[in-house]
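Each chain, letter by letter, is given below.
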Amino acid sequence: MTSSANIYVDDGSYNKLLSYLMGLDQPQLEEFKICLQSSQLLLGNFQQIPWANLKAIDPTNLLCLLSEYFSERQIWEVTLSIFDNMNLTSQCTEVRAMMNELAQTQGSQDPSQEEPEVPEEEKDHRRRYRERMKAKILMMWDNIPWPEDHIYLRNVTEKEHEGLKSLLYPNRTGAQPQTIVLEGLAGVGKTTLAMKVVLHWAEGFLFHQRFSYVFFISCHKVRDMKDTTLAGLLSWDWPDSQAPIEALMSRPESLLFVIDGFEEMDVPSTLDESPPCKDWYQQLPVNRILFYLLKKELVPLATLLITTKEYRTTDLKKLLLNPWFVQIVGFTEGDREEYFIRYFGDQNKAKKILHWVRKNESLFHFCSAPMVCWTVCSCLKRQMARNPHFQLSTQTTTSLYVYFFSSLLDTAEVSLSDQSWPDQWRALCSLAAEGMWFWKFTFAKKDLKHRHLEAPVIGSLLRLNILRKVSDCEDCVTFTHQSFQVFLGAMFYVLRGVRGSIGGPPKHQEMKVLLNDALADTNFYWNQMALFFFGLLKRNLAEELEDTLRCKMSPRTTDELLEWADELESYDLVSSCFEFLHFFECLYETREENFVRQILSHLLEADVDIFGSLQLQVSSFCLKHCQRLSKLRLSVSSAIPQTELTFNLETLETRPHFKIRQWQDVCSVFSNGNLTELDFSNSKLNAFSMKKLCYELRNPRCKLQKLTCKSITPVRILKELVLVLYGNHRLTHLNLSSNNLGIPVSTMIFKTLRHSACNIQYLWLWFCQLGTSSCKYLSDALLKNKSLTHLNLRKNNLRDEGVKFLCKALSHPDCSLQNLDLSDCSFTAEGCQELANALQHNCNMKILDIGSNDIQDDGVKHLCEVLKHPKCALNTLGLEKCNLTPACCQYLSSVLRSSKSLFNLNLLGNDLEPRGVSTLWKALKKSTCKLQKLGLEKELYNIVKGELEELQERGSFLRVKCKWDFNDLEDKWWW
């Protein structure tokens, strides 16, 4: 973002300049932009603006862009120069007069002072409105409760001041952003930043020349308002209850709407069907008024500053016009470290605690919010004071929140009977859960009354900073941080009771829907709710809550979870985007191995990316218990140590490295006795970790049949894998595509294929950088190997000579290959001649794809000669993008009339022309033609569409495909 701290254009001057630019029609505006590229018209020594910044800009943003490059006087001079060049005589006269007037009146005026051109009445309106907004924001600020021991890291610094400026001045492309979105997690400072924008404008520090009026609209405050108009909504904060609407409408480009908390807005289902609204006085529901503002139908020239939690960003993008998103990250790592050190007052202790928090990635991520930092610090401090033998290593995110709430409530003074507590806690947790379902985070008095929450409980929760009052909404409360609501919402599903939180299905059914949604969604808060739910199943935590809250946990929760897991067997979890890693993280949060073993006994397939320490940790904990897992995709990029032992400098002891143990647990699933398919493509492994993996693959209990290893780094570690092929009769499918195998690795593979104990039937070697020399070793292997039936060599630079080597093996009658892909292998008609010669002696080959090779008509001619042979068994031929012309159709027609085996022919991507298709069609209509599937360009298909339909009515099986899919064909699993 670029800062525009020194930009100043007087409002009166700004209005005049803008009126001249907006008075240009579209061709004139484009000519004006082009003239800005002329150094002569820029008076020689002015800086030239990049065309990329100019080409799509409107008049308002153009003026802001000019302000970034030129002083006020220079803007007038450039404008006059360009208008003169465009022969705009009347405008030139007006500009000269305006420049003379400015020279006389402006003098050495201080840019920070109020402009003299604004009428006194208007100045008074602005002054009183600014005073009102300043008082409102300061009152909101004062009403935000913070815990007494919370640490404040900073006030408004110069750096923050510059950051605020950068939001609403031209961005890095030079264009003025008119819609800015502040997105981020709960509690990281989005609303705070938005409030500071309003406050600094009201105090006259920032933006007062850019915006005449700034409106702060809180979504949670207006969501329950009665129908109103935009004029009525803007009068809400007006000192005299009636805003000067006509004055606002006359200068819409000088208005800024700050819309806070978009996540609390409900998107009307009929929004797209409703007619556009431009009337400031049209009576509408408030949410519709806000949506018309967001869509720039109402006040299109105004600037919008919107805050939202990141999970609503997708919905927001659908509404906004050219939005500029700004990620608000909250506390940086340095901020978090400073907070912990200042809170504990002991640098060594703080750093040890912070080291542990960093290892808990989800908790550390949560700590970007100041309130979560306080929650973690205050909880740990209390536990350390209460228990001198307290161990950090045994803590989980859930346990921290359990002990946080229990330690607060243990000392709370609430005048309630023991009989009332369980009902009150269930009511609070039900309120939290319902809010999560409907994205409601602010609760009115009627919501609390509906749940029968008693005043003493509410008062106690406010004093304990579990709840807080909402500063701009009377009698409204919210959870002090959204993580509190998430935690209590999760607790609702482990408490006794059968009634759901939303009044519909019973609780256990609601819980199943929650888990299905949370584990098929990347929404951070749903994910966290599921994590807390599983974490609360830990026995000692349940007992802690029962003692403190005096309410019982449901004894059926575990059984209900096992029922849910049983239902998972019937789903295709991989294609439904099930979040396996988050599921594993939730199970790891329980630390209950017997329960985890039971629930994972229902898991039949998994898709896991191990890209960090947490992912390795949770995967090792869970995969070793997946005893029925039959399919696994495992991508590993987390660093795994190359040595098995590690030396502890503090204890001077040597012990096995914990990451090595974790990797061994991951690999143990390969020999669970049920795993038949493993894909660990896109993995980065070292030789040591690969040896551990291969050790399990050689285990007698390993039943692996299909192994895929695409894009492995570094490639040399595949040598370890090749050794697994020796003597492994079960492994029948091997895919090593997208690896630069080179001569050493490819030679090892081909030598292994020659071994009598190798039982590979499918080999997927596409795009492996194989060349002519590799084909010699492969040909030798094919002569010896009796099991290989499917070979894919697509996208390898084999050339004619390489194909010639392969054909030496293919020409042997006992060659076992049935399916061969040589597409995009850089050979010509000469290679086709070799293939034709080989096929004369080979009765096993069923499928041959030679598409994307420059074989031309001569190559097809060679193949057609052998295809007409009665002993030729080829049933599928791929000739896509082979530079064929209508001339080849004569050869193909001859084959189609006589071949009894050819059922599938792909001719897509060839310029056969209508006459070529006509030639083919004569053969296709013959009763002797057995073809069932023909790949043809759409425009050529349209020529014969009518005749094809007639053929099909007479019983023909022929189908024409304008897009070829080899997956339709038998045994083409690797295409």
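Along each chain, numbering runs from 1 in the same order as the chain's sequence is written. Given that this is a predicted model, residues contribute local features only at a pLDDT of at least 70 and side-chain atom pairs are listed and counted only at 80 or more, while totals for whole chains, interfaces and linings are drawn from all residues. The basis for the side-chain values is all heavy atoms of the structure; hydrogens and waters are excluded.

If you check an unreviewed UniProt entry, the protein chain appears there as NACHT, LRR and PYD domains-containing protein 13 isoform X3 from Panthera pardus. Quoted verbatim from the Sequence similarities (unreviewed entry) field of UniProt, the annotation for the protein chain is "Belongs to the NLRP family." UniProt positions are given in the numbering used here, feature names are shortened, and annotations may be inferred rather than shown by experiment.

With that out of the way, let us pick up the overall build of the protein chain. The secondary structure listing takes helices from DSSP runs of H or I that are at least 4 residues long and strands from runs of E that are at least 2 residues long, numbered from the N terminus. Counting secondary structure elements, the protein chain contains 41 helices and 23 strands. Within the protein chain, the fraction of its 975 residues that count as buried is 56%. Excluding contacts between residues fewer than 6 apart, the proportion of contacts in the protein chain whose partners are at least 24 apart in sequence is 78%. Per-residue and other accessible areas were derived by the Shrake-Rupley procedure at a 1.4 Å probe size, with only the shown protein chains allowed to occlude residues. When the accessible surface of the protein chain is totalled, it reaches about 42,500 Å², and 48% of it is carbon and sulfur. For the exposure calls, accessible area comes from a 1.4 Å probe over protein chains only, and a residue counts as buried if that area is under 20% of its type's maximum, exposed if over 50%, partly exposed in between. Whether two residues are in contact is decided by their heavy atoms: any pair within 4.5 Å suffices.

Counting buried residues in strand 2 (residues 213-218) gives six out of six residues, a clear majority hidden from the surface. Of the two faces of strand 2, the one lined by Tyr213, Phe215 and Ile217 and the one lined by Val214, Phe216 and Ser218 are each fully buried. Pairing of strand 2 with strand 3 (residues 255-260), which is carried by six bridges, proceeds in the parallel orientation. Note that in strand 3 the partner of Tyr213 across the bridge is Leu255. The rule for pairing is simple: two strands pair if DSSP sees at least two bridges between them.

Of the two site types, the cavity is a set of points on a 1 Å grid over the protein atoms alone where a 1.4 Å probe fits but cannot get out, and the pocket is an open set with protein on both sides within 12 Å along at least five of seven lines, each lined by residues with an atom within 4 Å of a point. Grid points are joined across faces, edges and corners, and a volume is the space filled by probe spheres set on the points. For the structure on display, the rule yields one cavity of 30 Å³ or more. When its volume is computed, the largest cavity comes out at roughly 150 Å³. Every residue lining the largest cavity is counted, 14 residues in all, and those nearest its centre are Lys136, Phe216, Ile217, Trp236 and Asp237. At the level of secondary structure, the elements contributing two or more residues to the lining of the largest cavity comprise helix 7 (120-142), strand 2, helix 10 (219-222) and helix 11 (230-234). Ranked by residue count, the leading element in the lining of the largest cavity is strand 2, at four residues. Ten residues, namely Ala, Val, Leu, Ile, Met, Phe, Trp, Tyr, Cys and Pro, are considered nonpolar, four, namely Asp, Glu, Lys and Arg, are considered charged, and the remaining ones, Gly among them, are considered polar. The residue inventory of the lining of the largest cavity, partitioned by class, reads nine nonpolar, one polar and four charged.

Interaxial angle, 0 to 180 degrees, is taken between N-to-C directions of lines fitted to C-alpha atoms, where a helix line uses only the stretch in contact. Where helix 19 (residues 397-410) meets helix 25 (residues 524-535), the closest approach of the two axes is 9 Å, and the angle between their N-to-C directions is 75°. Accordingly, the angle class assigned to the pair helix 19 and helix 25 is roughly perpendicular. Residue-level contacts link Thr397, Thr398 and Tyr401 of helix 19 to Gln528, Leu531, Phe532 and Gly535 of helix 25. Looking at the contact of helix 19 with helix 25 residue by residue, the classes come out as three nonpolar, four polar and no charged. Note that the term roughly parallel is reserved for angles under 35 degrees, roughly antiparallel for angles over 145, roughly perpendicular for angles of 65 to 115, and oblique for everything else.

Take the sheet that holds strand 6 (residues 442-443) next. Taken in spatial order, the three strands line up as 6-8-7 in an open sheet, and their pairing is antiparallel. Two strands in the sheet have a free side with no partner beyond their single neighbour: strand 6 and strand 7 (467-469). Inspection of the sheet shows strand 6 paired to strand 8 (residues 477-479) by two bridges, in the antiparallel sense. In the strand pairing of strand 8, Thr442 is matched with Thr478. Helix-sheet contacts for helix 22 (residues 455-463) involve strand 7 and strand 8, and the interaxial angle to strand 7 is about 90°.

Moving on, we get to the side chain of Asn360. If you trace the backbone, Asn360 turns up in the loop between helix 16 (347-359) and helix 17 (361-366). With a relative accessible area of 14%, Asn360 lands in the buried category. Here Asn360 is in contact with Thr396 and Thr397, once residues within four sequence places are set aside.

In this structure, strand 9 (residues 605-610) lies alongside strand 10 (residues 631-636), joined through six bridges in parallel fashion. Counterpart to Asp609 in the pairing with strand 10 is Ser635. For the crossover from strand 9 across helix 30 (residues 613-623) to strand 10, the handedness is right-handed. Orient the strands so they point away from the viewer, and a crossover whose first-strand-to-second-strand path over the helix runs clockwise is right-handed.

Pairing of aromatic side chains here covers Phe, Tyr and the six-membered ring of Trp, requires ring centres within 6.5 Å, and sorts the geometry by plane angle: under 30 degrees stacked, over 60 edge-to-face, intermediate tilted. Within this structure, the stated rule accounts for 36 aromatic pairs. When the ring of Tyr401 is compared with that of Phe484, the centres are 6.3 Å apart and the planes differ by 75°; the resulting orientation is edge-to-face. With Tyr401 in helix 19 and Phe484 in helix 23 (residues 482-492), this pair connects stretches of sequence that are 83 residues apart. Here the aromatic rings of Phe578 and Phe583 are separated by 5.5 Å at their centres, their planes lie at 75°, and the arrangement is edge-to-face. Considered together, Phe578 and Phe583 belong to a single accessibility category, that of buried residues. Against the face of Phe364 rests Arg336, its NZ or CZ located 4.4 Å from the ring centre. Here, a charge over a ring means that NZ of Lys or CZ of Arg falls within 6 Å of the ring centre while also lying within 35 degrees of the ring normal.

Attention shifts here to the confidence of the model for the protein chain. Residue-level confidence of the predictor, termed pLDDT, takes values from 0 up to 100. Averaged over every residue, the pLDDT of the protein chain is 83; residues scoring 70 or more account for 89%. Note that pLDDT drops below 50 for residues 106-116; the model gives that stretch 21 contacts with residues more than four away or on any other chain. In the predicted structure, residues 967-975 sits below a pLDDT of 50 and forms 26 contacts with residues beyond four places in sequence or in another chain.

Moving on, we come to the nonpolar core. Grouping buried Ala, Val, Leu, Ile, Met, Phe, Trp, Tyr and Cys residues that are joined through side-chain atoms within 4.5 Å yields what is termed a nonpolar core. Counting 299 residues, the largest nonpolar core has Phe534, Leu632 and Leu879 as the members making the most contacts within it. Element by element, the count of residues in this core is highest for helix 20 (residues 420-437), at 10 residues. Among all residues touching Leu632, those that are not within four sequence positions of it are Ala606, Val608, Leu623, Val669, Phe670, Leu675, Glu677, Leu678 and Asp679. Residues Leu17, Leu21, Leu29 and Phe83 belong to the second largest nonpolar core, which totals 29 residues.

Glancing now at the packing of helix 28 (residues 580-590) against helix 29 (residues 593-600). Their axes nearest at 8 Å, the elements helix 28 and helix 29 cross at an angle of 150°. Accordingly, the angle class assigned to the pair helix 28 and helix 29 is roughly antiparallel. Handedness of the helix 28/helix 29 crossing: right-handed. Contacts between helix 28 and helix 29 involve Phe583, Phe584, Leu587 and Thr590 on the former and, on the latter, Phe595, Val596, Ile599 and Leu600. Class assignment of the residues belonging to the contact of helix 28 with helix 29 gives a composition of seven nonpolar, one polar and no charged. Put simply, a crossing is left-handed when the front helix is turned counterclockwise from the back one by less than a right angle, and right-handed when it is turned clockwise.

Our focus in this paragraph is the sheet that holds strand 3. In space, the five strands of this open sheet follow the order 2-3-4-1-5, with parallel pairing throughout. The sheet terminates laterally at strand 2 and strand 5 (324-327), the two strands that pair on one side only. Sheet twist, expressed as the mean angle between neighbouring strand axes with direction ignored, is 15°. Packing against the sheet, helix 13 (residues 286-294) makes contact with strand 2, strand 3 and strand 4 (303-309), and its axis sits at approximately 115° to strand 4.

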